Amino acid sequence: MRELHRRWIYLLVALALSVPLILRVSVPPARMRAADRAYDLIRDVEIAPHQIVLMAFDFGPNIKAENGSQAEVVLEHLMRRRIPVALFSLYVQAEPFLKSIPEKVASRLMAENPGEVWRYGEDWVNLGFRPGNFLVLQSLARSEDITAFFGKDAFANRLADIAAFRNAKTVKDIALLVEISGLQGMLELYLRFFRAEGYVPKVVHGCTSISIPDAYIFLDSGQLSGLLEGIAGAAWYSARLRKEYPRQEADEAQILNTSLGVAHLLIILLVIVGNVVAVRSARRGVAQA
Amino acid sequence: MRQRLIRIVTFIGGLYFFLRFVLPGDINGFQFARYNHEITNGFRAIGALTFGLGLINILLVHGSRLLFRRKGWFTSAALLFGLAFMLTVTIGEWLASARAAADADRLVMLREFAARIVADEKAGDSDPPYATRVALLLKNATLEVERVDQAARRENPAGDSAVMRGLRTELHAKINGLRGGLETISAGTAGPEALLPLAQQLSDVAATYRGILIEQHRAAVVSKLYTLLSDGLFMALGTAMFSLLAFYIASAAYRAFRIKSAESALMMTTALIVMLGQIPFGLWLWDGFPDVRMWLLTTPSTAARRAIEIGAAVAGLIMAFRMWFSVETQSFSRGER
């Protein structure tokens with residue numbers, strides 16, 4: 001056991017991760033209270049006709065499994081409630097997600113609800129990747145005409161002509177900010193700069209598992225109104241969606257969470273076995289001495 | 001001289017952002033941040049230029065390796081080919097969407113023309129004459145409506161989606177309404193009040209036509225090629241690279257996570273509780289794991305993280321001052337003082 005070659009460990013990890021994915025098995029996720037707060041906020045948020053929700057996708061393909069699933073479940077909830085959403089990113093690698101995720105969610109909703117239509121321009125608008133990091137947020141927060149500030153969407157259409165966005169004037173018309181990222185320091189940028197005189201937005205954040213301790217500081221201080229903690233947060237959010245909208249099929253978040261749960265179990269097992277082997281070896285060494 | 005210039009610009013830049021943060025928006029009529037939008041746009045433009053710099057750097061490094069057949073020239077050739085191909089497809093996709101947007105904008109321009117005629121008439125501006133402008137508007141609106149009607153009829157060979165079918169029906173109804181509106185207005189008799197509903201109808205047709213163009217663009221070859229490269233290659237490769245971590249973590253957990261002291265035992269117990277509180281199977285053992293996990297994260301972990309963050313913030317502040325006063329010159333002085 002002490003000389004257990006790592007290729008066997010790799011094989012076990014591959015099996016633990018892939019079997020639930022291939023069989024599409026999902027088990028009920030653990031309750032995430034921070035995700036509950038995010039869900040309740042989005043369920044109860046009231047949007048005036050001139051208001052929108054801003055969703056920032058600041059993640060790349062490397063953390064798509066966690067952040068992508070979070071983006072999907074939150075966007076689905078907003079779309080189900082017919083709340084217009086503006087999507088944008090400060091991270092260049094997120095650009096393809098701004099297009100693919102809403103299209104995927106809209107297609108799923110239309111397949112589930114024949115006769116109902118979710119359309120680009122009415123239900124969501126893609127503002128694309130915006131270079132400039134915190135300068136974008138600073139300028140956006142101080143802008144007196146955010147339609148003019150963004151100018152055009154990712155497809156070069158004038159925002160003043162897009163139904164979902166044309167009535168929004170200032171940053172105060174952004175009723176809720178959903179920031180999804182696993183990048184170090186990205187959430188802090190929004191918390192520092194995305195605010196104006198007399199306006200502090202409600203913020204829901206989706207983070208990767210590794211950045212949960214960082215995000216909890218802001219949840220505890222009240223700067224975050226809700227938090228989706230890694231894939232577990234997305235899976236719990238998805239479970240609540242399924243409860244409220246029973247026709248919804250099992251989605252990727254719950255299957256990924258199950259797969260990751262099996263891998264975690266394996267890691268726990270390996271840690272225990274590793275320690276037992278180490279203790280036994282140490283005892284044997286003492287006995288021989 | 002160059003270093004002195006860098007120091008002066010750095011100091012002025014730092015001073016501007018510092019004062020902008022601490023000064024009120026209006027000081028007896030003087031607005032310190034009056035040109036802030038232009039300044040920040042300048043910084044954003046410089047930030048965007050770095051993409052170009054990166055591109056030039058890649059071309060220089062890998063282009064020379066390929067040209068002189070140095071070691072690894074084949075991988076450089078693959079990289080440059082991938083770069084050129086992705087760039088071509090992305091530009092093609094962007095141009096196609098820009099063309100579609102410009103197409104819908106022609107209707108929007110007519111709407112704005114109608115609104116301008118009304119505004120000028122109310123203001124008493126009659127050059128060129130009102131009737132001439134209305135005649136021009138009606139002529140172009142009629143032509144544009146026919147063009148849009150024809151363009152929107154182009155069907156996707158693979159079949160239309162439910163969204164597209166709905167949009168076509170909607171556009172057909174709106175075009176019929178617009179045609180009716182155009183027929184009832186004649187250049188000689190139409191007053192400004194008759195042009196406002198026409199402007200609204202043009203706007204409505206433009207909105208639906210834009211939706212059709214977006215759907216057509218989505219089904220276009222260049223758009224599908226972009227999706228294939230982005231989702232099929234870029235995403236898959238990026239995800240695969242990161243997923244390798246799972247294997248290393250598992251292997252490291254087996255070999256390195258050993259209880260050697262009371263502290264390491266405490267750390268391992270905490271890690272196990274956090275893991276069991278987050279995974280679905282933890283509930284099978286004890287349904288209190290999520291609550292204990294939550295307490296660990298909100299209380300001891302948050303306290304420790306805050307201490308780290310405060311320490312890092314103080315260090316960051318000191319670093320900022322060193323940069324501002326050019327004490328930290330290593331990065332642009334090439335070692336000389």
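Residues numbered from 1 in each chain as written. Chains lettered and ligands numbered in written order. Predicted model: local features only at pLDDT ≥ 70, side-chain atom pairs only at ≥ 80, totals over all residues. Heavy atoms only, no water.

Asker: Just to check I follow, could you spell out the interface of chain A and chain B for this structure?
Answerer: Often the size quoted for an interface is simply the accessible area lost on bringing the parts together. Residue-level contacts link 76 residues of chain A with 66 residues of chain B. Both faces considered, chain A and chain B share a buried interface measuring about 6300 Å² in area, 64% of it formed by carbon and sulfur atoms. Contact with chain B buries surface across chain A, with R119, Y216 and I217 of chain A losing the most and accounting together for 9% of the total. Connecting chain A to chain B are 8 salt bridges. (Contact = heavy atoms within 4.5 Å. Buried area = accessible area lost by both parts, 1.4 Å probe. Salt bridge = Lys/Arg side-chain N within 4 Å of Asp/Glu carboxyl O.)

Asker: Which parts of the structure should I look at to understand the domain arrangement of chain A?
Answerer: Residues and elements named next belong to chain A. Domain boundaries in chain A define domain 1 (1–26 + 253–289) and domain 2 (30–249). Contacts between the two partners involve 5 residues from domain 1, matched on the other side by 10 residues from domain 2. Buried surface at the junction of domain 1 and domain 2, both sides included, amounts to about 580 Å², of which 64% is carbon and sulfur. Viewed at the interface, domain 2 and domain 1 are joined by 0 salt bridges. Linking domain 1 with domain 2 are 1 residue pair in polar contact (both at pLDDT 80 or more). A breakdown of the residues in the side of domain 1 that touches domain 2 according to their chemical character gives 3 nonpolar, 2 polar and no charged. (Domains from an automatic or database assignment. Polar contact = N/O pair within 3.5 Å; in protein donor to acceptor, adjacent residues only side chain to side chain. Nonpolar A, V, L, I, M, F, W, Y, C, P; charged D, E, K, R; others polar.)

Asker: Help me understand the side chain of S69 of chain A in this model?
Answerer: Residues and elements named next belong to chain A. Within the secondary structure layout, S69 lies in helix α3 (residues 64–80). Under the relative-accessibility criterion, S69 is labelled buried at 7%. Beyond its immediate chain neighbours, meaning those up to four positions away, S69 contacts K64, I231, A234, A253 and L256. (Helix = DSSP H or I, 4+ residues; strand = E, 2+ residues; numbered from the N terminus. Buried < 20%, exposed > 50% of the residue type's maximum accessible area, 1.4 Å probe, protein only.)

Asker: Can you walk me through the side chain of D123 of chain A in this structure?
Answerer: Residues and elements named next belong to chain A. Within the element layout of this structure, D123 appears in the loop between α4 (95–112) and β3 (124–129). Within the structure, the side chain of D123 is placed 3.1 Å from the side chain of R82, a separation counted as a polar contact. If we ignore the near neighbours within four places in the chain, the residues touching D123 are R82, I83, P84, V85, V117 and W118.

Asker: I keep staring at the environment of L17 of chain A and nothing clicks. Help me out?
Answerer: You can see L17 of chain A is positioned in helix α1 (residues 6–23). The spacing of L17 of chain A and L256 of chain A is 239 residues in sequence and 8.6 Å in space, taken between C-alpha atoms. In this structure L17 of chain A touches S259, L260 and A263 of chain A together with A246 of chain B, once residues within four positions along its chain are discounted.

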